[in-house]
Number of protein chains: 2
Amino acid sequence: MSTSTMNPSNSILAVGSMAFDSVRTPAGNAEQVLGGSVNYFSVAASFYAPIRIVGVVGEDFPKGHLDWLGKKSIDVSGVQVAPGKTFHWVGSYDGNMNEAKTLSTALNVFEHFDPKLPSLHTDSPYVFLANIDPILQQRVLDQVKPPRLVACDSMNFWIAGKPDELKKTLKRVDILSVNEGEAFLLSGEKNLSKAAARIRELGPSVVIIKRGEYGAALFTRESAFLAPAFLVDQVVDPTGAGDSFAGAFMGYLAEAQVHRDLAKTNPQQWENLLRRAVLAGCVMASFTVEDFSLHRLMRLNTHELVDRQKSLMKMISVS
Amino acid sequence: MSTSTMNPSNSILAVGSMAFDSVRTPAGNAEQVLGGSVNYFSVAASFYAPIRIVGVVGEDFPKGHLDWLGKKSIDVSGVQVAPGKTFHWVGSYDGNMNEAKTLSTALNVFEHFDPKLPSLHTDSPYVFLANIDPILQQRVLDQVKPPRLVACDSMNFWIAGKPDELKKTLKRVDILSVNEGEAFLLSGEKNLSKAAARIRELGPSVVIIKRGEYGAALFTRESAFLAPAFLVDQVVDPTGAGDSFAGAFMGYLAEAQVHRDLAKTNPQQWENLLRRAVLAGCVMASFTVEDFSLHRLMRLNTHELVDRQKSLMKMISVS
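Residues numbered from 1 in each chain as written. Chains lettered and ligands numbered in written order. Predicted model: local features only at pLDDT ≥ 70, side-chain atom pairs only at ≥ 80, totals over all residues. Heavy atoms only, no water.

Participant: I'd love a proper account of the overall build of chain A, names of residues and values included.
Facilitator: On a plain count of helices and strands, chain A comes out with twelve helices and 13 strands. What you see for chain A is a C-alpha radius of gyration of 18 Å, in line with the 20 Å of a compact globule of 319 residues. With the C-alpha coordinates of chain A rotated into their principal frame, the extents come out at 50 × 45 × 40 Å. A burial count over chain A gives 60% of its 319 residues as buried. Sequence separation of 24 or more characterises 67% of the internal contacts of chain A that already satisfy a separation of 6 or more. For chain A, the accessible surface area stands at approximately 12,500 Å², while carbon and sulfur atoms represent 52% of it. Averaging the coordinates of the 32 positive side-chain charges in chain A and doing the same for the 33 negative ones gives two points 5 Å apart. (Helix = DSSP H or I, 4+ residues; strand = E, 2+ residues; numbered from the N terminus. Rg over C-alpha atoms; globule rule 2.2 N^0.38 Å. Buried < 20%, exposed > 50% of the residue type's maximum accessible area, 1.4 Å probe, protein only. Contact = heavy atoms within 4.5 Å. Areas by Shrake-Rupley, 256 points an atom, 1.4 Å probe, with all protein chains shown as cover. Lys, Arg positive; Asp, Glu negative; His and termini not counted. Charge placed at Lys NZ, Arg CZ, Asp CG, Glu CD.)

The structure is reproduced here in structure tokens:
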């Protein structure tokens with residue numbers, strides 16, 4: 001796992017929300033803790049590659065958080081501090097740990113977020129567009145030199161609310177990761193394989209469908225790969241599982257310096273790296289859910305990560 | 001896959017319900033079609049080993065059904081024909097294909113079912129106790145010479161209604177297969193690993209937790225194995241998926257002539273055969289759900305079965 005930082009050939013640019021979350025789950029509560037898609041993504045990805053994040057926070061966002069991200073080989077020079085308060089999400093999980101119930105959303109400074117990339121960020125070889133307005137996702141792509149790989153996430157709000165703009169984004173994306181319900185809504189299909197096939201027609205050559213506690217499914221032109229979630233002893237808070245999945249997934253591919261052309265030049269290796277990246281994502285998500293906010297990832301070490309990767313491999317191996 | 005029938009060393013005795021089902025699913029309706037746990041189990045298992053079934057039907061049960069089972073190397077000499085009508089289950093699946101809603105249950109002749117084994121059946125090396133009253137499950141075990149492997153199924157009705165009797169059964173069983181909700185109810189745990197560990201303390205050294213469209217998890221003393229469900233193009237009717245899973249699982253182990261002692265003498269091989277048996281179960285279940293009743297299994301051929309086994313292996317392989 002790499003820790004080099006100077007404009008390296010495997011940097012990932014990640015754009016998305018930075019937030020405070022207040023969460024209630026059957027395991028307890030967390031008030032006003034660090035959240036937001038780009039935070040989960042970048043901390044997860046930082047185990048594999050250097051990260052540059054672009055986002056916006058309010059004046060209430062503790063400088064200590066940004067300092068801490070900086071120590072994780074996460075470049076925070078693209079984080080804008082805007083007058084006002086940081087985005088605040090309040091949600092709960094009751095019974096069904098696979099689906100959050102939003103109790104309130106205060107967009108605050110995030111409402112007028114307009115991603116502006118520092119010039120250094122424009123040559124990022126890997127780009128992850130977290131779940132934000134598809135118009136903003138396109139604006140990010142407009143600012144970067146052609147990357148090796150672009151991945152994005154989305155959600156029901158944009159799928160239903162801005163379908164045409166989302167489709168424009170998807171035309172420019174290699175990899176889409178969404179959850180099962182989002183895949184069904186986006187595709188109009190209620191079957192996993194059919195949904196993935198339909199979404200692939202919209203642009204992304206790779207579709208990942210996240211299935212919460214049941215893992216994730218990867219679809220390429222060639223095949224489907226079904227990865228289970230790692231079995232954890234207790235799910236404390238599922239928030240951020242999907243974003244940290246995406247972070248480790250993208251980090252794994254960036255560390256291996258994968259270019260989309262590999263799909264043509266060495267489809268077998270492409271397929272296999274994608275599969276290993278999915279497993280890396282499952283492992284990272286399994287740590288995320290073991291505590292509130294980024295707490296588990298904050299104290300995660302490489303040794304634990306490698307150990308659990310081996311354990312997950314054992315859980316799926318047949319000889 | 002074996003088709004020998006003369007008191008062979010890999011015969012499976014299966015005891016459970018034989019029924020007519022009337023089912024409504026989003027894909028359509030089926031009225032008064034062949035159903036019942038032992039029918040699904042035995043047809044699935046018959047692809048691997050000779051089967052002997054014990055059950056009861058009413059005078060309305062078409063002789064053609066029994067003749068057809070007989071042609072599948074299924075010995076039906078233990079099927080009692082009792083005065084009255086055959087068990088009739090009426091159910092529907094609305095939205096959630098993982099859970100049937102029972103609309104009506106007419107037990108009919110099944111209400112007074114008392115399994116009596118023909119003498120030839122008492123030396124069956126493999127025994128499967130489908131989901132019936134745990135008192136009857138024990139009565140079956142009382143009648144057989146010590147088998148190589150005993151597996152059983154159960155359901156919420158018995159877990160909640162006859163917990164002490166069920167625990168007596170479990171003490172005599174090597175393998176329990178239940179679904180997720182049943183595992184949680186039986187164990188008092190809401191976590192998959194913990195539930196399996198608790199159930200293993202009750203007797204079965206192997207616990208299989210079925211997860212519907214998400215596959216199945218296998219727990220042994222050594223490890224956990226997570227198998228996905230095969231991705232089918234359309235789920236027409238999930239009825240019987242669990243029983244045909246169990247049939248192929250047990251059939252696979254019987255064909256390999258597995259004895260429980262293998263867990264001690266060659267734990268690696270034991271583990272691996274169990275894992276392959278689980279995958280065989282997932283594959284068989286995936287065929288079952290593609291049509292109503294046993295219709296898909298009726299027209300299933302070995303070539304299709306082998307093909308799909310290979311496809312499922314591809315869906316979980318990482319090199």
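Participant: Tell me about the interface of chain B and chain A, and please be specific about residues and values.
Facilitator: Often, the extent of an interface is quoted as the loss of accessible area on bringing the components together. Contacts between the two partners involve 30 residues from chain B, matched on the other side by 30 residues from chain A. Counting the surface chain B buries against chain A, the share from its top three residues, Tyr214, Leu226 and Val318 of chain B, is 26%. Between chain B and chain A we count zero salt bridges in total. Linking chain B to chain A there are 18 residue pairs in polar contact (both at pLDDT 80 or more). (Buried area = accessible area lost by both parts, 1.4 Å probe. Salt bridge = Lys/Arg side-chain N within 4 Å of Asp/Glu carboxyl O. Polar contact = N/O pair within 3.5 Å; in protein donor to acceptor, adjacent residues only side chain to side chain.)

Participant: How would you summarise the relation of the copies chain B and chain A if you had to cite specific residues and measurements?
Facilitator: The two copies are related by a screw motion: chain B maps onto chain A through a turn of 180 degrees and a shift of 0.0 Å along the axis, at an RMSD of 0.0 Å. Expressed as a symmetry operation, the mapping of one chain copy onto the other fits a two-fold axis. Closest to the rotation axis within chain B is the C-alpha of Tyr214 of chain B, separated from it by 3.2 Å. When the interface residues of chain B are mapped onto chain A, 100% of them again fall at the interface, so both copies present the same face. (Least-squares fit on C-alpha atoms with pLDDT ≥ 70 in both.)

Participant: Give a description of the pattern of salt bridges that names residues and reports values.
Facilitator: Residues and elements named next belong to chain A. A full pass over the atoms with the stated rule returns 34 salt bridges over all chains. The partner of Asp174 in a salt bridge is Arg260, and the shortest N-O contact between them spans 2.6 Å. Residue Asp174 is found in the loop between helix 5 (163-171) and strand 10 (175-179), and its partner Arg260 is found in the loop between helix 8 (241-255) and helix 9 (262-265); the two are separated by 86 residues along the sequence. Under the relative-accessibility criterion, Asp174 is labelled buried at 10%. Beyond isolated ion pairs, a larger network of salt bridges with shared partners links Glu290, Arg296, Glu304 and Arg308.

Participant: Let's hear about the side chain of Gln137 of chain B: which residues, and what values?
Facilitator: The residue Gln137 of chain B is located in helix 3 (residues 134-143) in this model. Sequence-distant contacts of Gln137 of chain B, defined by excluding residues within four places in its chain, comprise Leu129, Ala130, Asn131, Ile132, Cys152, Asp153, Leu166 and Thr169 of chain B.

Participant: Please provide a residue-by-residue account of the packing of helix 8 (residues 241-255) of chain B against helix 10 (residues 267-288) of chain B, values included.
Facilitator: Helix-helix packing is characterised by the crossing angle of the two axes and by the distance between the axes. All names here are of chain B. Axis separation between helix 8 and helix 10 bottoms out at 7 Å; the angle between their running directions is 140 degrees. When you trace helix 8 past helix 10, the crossing you get is right-handed. Across the interface between the two elements, Ala241, Ser244, Phe245, Ala248, Phe249, Tyr252 and Leu253 from helix 8 touch Leu273, Leu274, Arg276, Ala277, Val278, Ala280, Gly281, Cys282, Met284, Ala285 and Thr288 from helix 10. Considering only residue class, the contact of helix 8 with helix 10 consists of 14 nonpolar, three polar and one charged. (Axes fitted to C-alpha atoms, helices over the stretch in contact; angles between N-to-C directions. Left-handed = near helix turned anticlockwise from the far one by under 90°. Nonpolar A, V, L, I, M, F, W, Y, C, P; charged D, E, K, R; others polar.)

Participant: Now, about the side chain of Glu271 of chain A: what can you tell me, with residues and values included?
Facilitator: You can see Glu271 of chain A is positioned in helix 10 (residues 267-288). Not counting chain neighbours up to four residues away, the residues in contact with Glu271 of chain A comprise Leu218, Thr220, Glu222 and Ser223 of chain A.

Participant: So what's going on with the sheet that holds strand 5 (residues 74-82) of chain B? Which residues, and what values?
Facilitator: Residues and elements named next belong to chain B. If you trace the nine strands from one edge of the open sheet to the other, you get 5-4-1-8-9-10-11-12-13, paired in mixed fashion. Taken across any chain shown, the strands that pair with only one partner, and hence form the sheet edges, are strand 5 and strand 13 (224-227). Strand-to-strand, the axes of this sheet are offset by a mean angle of 15 degrees, without reference to chain direction. Sheet analysis places strand 11 (residues 206-210) next to strand 12 (residues 216-219), joined by four bridges and oriented antiparallel. Bridge pairing in strand 12 places Lys210 opposite Ala216. (Pairing = 2+ DSSP bridges.)

Participant: Describe the packing of helix 1 (residues 37-45) of chain A against helix 8 of chain A, listing the residues and the values that go with them.
Facilitator: All names here are of chain A. At a minimum axis distance of 7 Å, the contact between helix 1 and helix 8 shows a crossing angle of 40 degrees. Comparing their axes, helix 8 and helix 1 come out oblique. Here helix 1 and helix 8 pass one another in a crossing that is right-handed. Counted together, Ser37, Tyr40, Phe41, Ala44 and Ala45 of helix 1 and Asp243, Ser244, Ala246, Gly247, Ala248, Met250 and Gly251 of helix 8 form the full contact between these two elements. Here the residues of the contact of helix 1 with helix 8 sort into seven nonpolar, four polar and one charged. (Parallel < 35°, antiparallel > 145°, perpendicular 65-115°, else oblique.)

Participant: Just give me the short version of the packing of aromatic side chains, but keep the residues and values in it.
Facilitator: All names here are of chain B. Following the criterion strictly, the structure yields 15 aromatic pairs over all chains and no others. Ring centres of Tyr48 and Tyr252 lie 6.1 Å apart, and the angle between their planes is 65 degrees; this geometry places the pair in the edge-to-face category. Of the two residues, Tyr48 sits in the loop between helix 1 (37-45) and strand 4 (51-58) while Tyr252 sits in helix 8, which places them 204 residues apart along the sequence. No difference in accessibility class separates Tyr48 from Tyr252, as the two residues are buried. (Phe/Tyr/Trp six-rings, centres within 6.5 Å; stacked < 30°, edge-to-face > 60°.)

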